[in-house]
Amino acid sequence: MSALFTPLTLRSLEIPNRVWMSPMCMYSAAHEGPETGVPTDFHLTHLAGRAAGGAGLVMAEATGVRPDGRISPWDLGLWNDRQQEAFTRIAAAIASHGSVPAIQLAHAGRKASTDRPWVADRSVPQDEGGWSAVAPSAVAFEGLPVPHELTEDEIQQLVRDFAAAAERALAAGFRVVEIHGAHGYLINSFLSPAANHRTDAYGGSWENRLRFPLQVVDAVRAVWPDELPVLFRTSATDWLTENPEDPREGWTGDDTVRLAGELAAHGVDLLDVSSGGLVRDAAISAHPGYQVPFADRVRRTAGLPTSAVGLILDAAQAEEIVAVGQADAVMIGREMLRDPHWAHHAADALATGPRWPRQYGYALARRAASA
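**A closer look at the overall build of the protein chain**
Phase 1 of the analysis: In terms of regular secondary structure, the protein chain is built from 11 helices and 12 strands.
Phase 2 of the analysis: A compact globule built from 371 residues would reach a C-alpha radius of gyration of about 21 Å, and the protein chain, at 20 Å, matches this within 12%.
Phase 3 of the analysis: With respect to the three principal axes, the spread of C-alpha positions in the protein chain is 70 × 45 × 40 Å.
Phase 4 of the analysis: Counting every position in the protein chain, which comprises 371 residues, the buried fraction comes to 59%.
Phase 5 of the analysis: Surface summary for the protein chain: the accessible area is close to 14,700 Å², and the carbon and sulfur share equals 51%.
Phase 6 of the analysis: Positive and negative charge centroids in the protein chain, built from 31 and 45 side chains respectively, lie 5 Å apart.

**Focus on the pairing of strand β8 (residues 176-181)**
Phase 1 of the analysis: For β8, the tally of buried residues reaches 6 of 6 residues, placing the bulk of the element in the interior.
Phase 2 of the analysis: Along β8, one buried face is formed by Val 176, Glu 178 and His 180 and the opposite face, lined by Val 177, Ile 179 and Gly 181, is buried too.
Phase 3 of the analysis: Both strand β5 (residues 100-106) and β8 contribute to a ladder of 4 bridges, which runs parallel. Of the residues in β8, the one forming a bridge with Gln 104 is Glu 178.
Phase 4 of the analysis: In this structure, β8 lies alongside strand β9 (residues 230-235), joined through 5 bridges in parallel fashion. Of the residues in β9, the one forming a bridge with Glu 178 is Leu 231.

**Here we look at the sheet that holds β9**
Phase 1 of the analysis: Pairing is parallel in the closed barrel, where 8 strands are placed in the order β3-β4-β5-β8-β9-β10-β11-β12. Averaged over all pairs of adjacent strands, the angle between strand axes in this sheet comes to 25°, irrespective of strand direction.
Phase 2 of the analysis: When strand β3 (residues 19-21) meets strand β12 (residues 329-332), the two strands line up parallel, connected through 3 bridges. Note that in β12 the partner of Met 21 across the bridge is Ile 332.
Phase 3 of the analysis: Sheet strands in contact with helix α2 (residues 81-96) are β4 (57-64) and β5, and its direction is about 140° off that of β5.

**Focus on the packing of aromatic side chains**
Phase 1 of the analysis: Enumeration over the complete set of coordinates arrives at 6 aromatic pairs.
Phase 2 of the analysis: Plain terms: the ring middles of Phe 87 and Phe 174 are 5.7 Å apart, the flat faces sit at 70° to each other, and that makes the pair edge-to-face. Here the residue Phe 87 occupies a position in helix α2, and Phe 174 occupies one in the loop between α3 (152-172) and β8, the gap between them amounting to 87 residues. Comparing Phe 87 with Phe 174 shows no difference in burial state: the two are buried.

**Quick look at the environment of Arg 70**
Phase 1 of the analysis: Along the polypeptide, Arg 70 turns up in the loop between β4 and α2.
Phase 2 of the analysis: By relative accessible area, which is 6% here, Arg 70 ends up buried.
Phase 3 of the analysis: The spacing of Arg 70 and Pro 23 is 47 residues in sequence and 14 Å in space, taken between C-alpha atoms.
Phase 4 of the analysis: Within the local environment of Arg 70, its side chain forms a polar contact with the backbone oxygen of Pro 67, the two atoms lying 2.9 Å apart.
Phase 5 of the analysis: In this structure the side chain of Arg 70 is engaged in a polar contact, spanning 3.0 Å, whose partner is the backbone oxygen of Pro 73.

**What to know about the pattern of salt bridges**
Phase 1 of the analysis: Scanning the entire structure with this criterion turns up 21 salt bridges.
Phase 2 of the analysis: A salt bridge links Arg 66 to Asp 68; its shortest N-O distance comes to 2.7 Å.
Phase 3 of the analysis: Between Arg 338 and Glu 335 there is a salt bridge, and its shortest N-O distance comes to 2.5 Å. One end of the pair is Arg 338 and the other is Glu 335, both in helix α9 (residues 334-338) and 3 residues apart, which spans about a single turn.
Phase 4 of the analysis: The exposed category is assigned to Arg 338, whose relative accessible area is 61%.
Phase 5 of the analysis: Among the ionic contacts, a cluster of salt bridges with common partners joins Asp 115, Arg 116, Arg 122 and Glu 128.

**Focus on unusual backbone geometry**
Phase 1 of the analysis: One non-glycine residue, Ser 113, lies in the positive phi region at around 60°.
Phase 2 of the analysis: With a phi close to 65°, Trp 239 is a non-glycine residue in the positive phi region.
Phase 3 of the analysis: When you line up the elements, Trp 239 lands in the loop between β9 and α6 (253-265).

**Some details on the packing of α2 against α3**
Phase 1 of the analysis: Across the interface, α2 lies against α3 with an axial gap of 8 Å and an inter-helix angle of 40°. Our classification of the angle between α2 and α3 gives oblique. The chirality of how α2 crosses α3 is right-handed. Contacts from Asp 81, Gln 84, Phe 87, Thr 88 and Ala 91 in α2 reach Arg 168, Ala 171 and Ala 172 in α3.

**Notes on the nonpolar core**
Phase 1 of the analysis: Trp 20 and Phe 212 are the most contacted members of the largest nonpolar core, which has 106 residues in total.
Phase 2 of the analysis: Per-element accounting of this core gives the leading share, 9 residues, to α3.
Phase 3 of the analysis: Beyond its immediate stretch of four places on either side in the chain, Phe 212 contacts Ile 155, Leu 158, Val 159, Phe 162, Leu 186, Ile 187, Phe 190 and Tyr 202.
Phase 4 of the analysis: If you look at the next biggest cluster of nonpolar residues, it comprises 12 residues, including Ile 71, Ala 106, Val 124 and Tyr 185.

Conventions and cut-offs
- Residues numbered from 1 in each chain as written.
- Predicted model: local features only at pLDDT ≥ 70, side-chain atom pairs only at ≥ 80, totals over all residues.
- Heavy atoms only, no water.
- Helix = DSSP H or I, 4+ residues; strand = E, 2+ residues; numbered from the N terminus.
- Rg over C-alpha atoms; globule rule 2.2 N^0.38 Å.
- Buried < 20%, exposed > 50% of the residue type's maximum accessible area, 1.4 Å probe, protein only.
- Areas by Shrake-Rupley, 256 points an atom, 1.4 Å probe, with all protein chains shown as cover.
- Lys, Arg positive; Asp, Glu negative; His and termini not counted.
- Charge placed at Lys NZ, Arg CZ, Asp CG, Glu CD.
- Pairing = 2+ DSSP bridges.
- Axes fitted to C-alpha atoms, helices over the stretch in contact; angles between N-to-C directions.
- Contact = heavy atoms within 4.5 Å.
- Phe/Tyr/Trp six-rings, centres within 6.5 Å; stacked < 30°, edge-to-face > 60°.
- Polar contact = N/O pair within 3.5 Å; in protein donor to acceptor, adjacent residues only side chain to side chain.
- Salt bridge = Lys/Arg side-chain N within 4 Å of Asp/Glu carboxyl O.
- Parallel < 35°, antiparallel > 145°, perpendicular 65-115°, else oblique.
- Left-handed = near helix turned anticlockwise from the far one by under 90°.
- Core = buried A, V, L, I, M, F, W, Y, C linked by side-chain atoms within 4.5 Å.

Written out as structure tokens, the structure is:
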């Protein structure tokens, strides 16, 4: 039996296999008018297609908990009834293929209001539909405008915004919610001393920098059913402190292990371990599986289940990650863009037997029998 294709149970939810689709922004929603942030037929096809392709869990892209939380004006949101209604159809379509519908809730912080990546690397000005970004401190992400430094009252409103979006996600039919705490976006920028220069209760000490992230977790957990899991995506390192040639102090792997223990105590069920994104010029040596050791360390040291992500390219690599216990699941991103049926092909390569939709399976079985 392949380890990659055994079920995983988080709380009372059984996920049919360990091949999960990573959240990936598509920049394809309307950027103005009543359909702003509303998922379209493209999103339905994109997400349901990966469920039909065999992924055990399919996670919708980083979804803004309020308008200024989107990375770009073309991103998805979940702050109104129209958005929730459209997501209901998507969650049902994912579930219809036997996959678990999941959604990542996010606020982009100081990296918000940017253009689509294939158009330009720039901030979208307000006269073109953009907005002023917010952050823990008035420290810009390189090349973007200086953000507004949040007040404590504004921080508390953001906590409520995350909880409200989680309630909408549940009503729409999602069974897993992930809080986006990685890649230099709002929650990650509170955690890292490279972006958080506050001197109040939300900055300075390690405990203070965790305050807002843990308040978000508590607020989401309070509205999310006890029987369903909450995930948290983190950047395990900013790739600053660990680089002896970089004088900047950042978030580290040691910090992530400590964070994992806190998250577990606050009701998080799995840490989705990525890295980087806080600064543009961090020295990162990317190679197949380069982030897996971070997930492995958290799992072994903190005892919290993890998913691994980042240049996981083929079935044998993914199988080894799960089989030797480096992570409990793998998040497949760009490889699922290249091959929507990556999970089926991985099952075939591991001689496990793909769970093709009946509409496909009978025809493929006939071809195999006649070969």
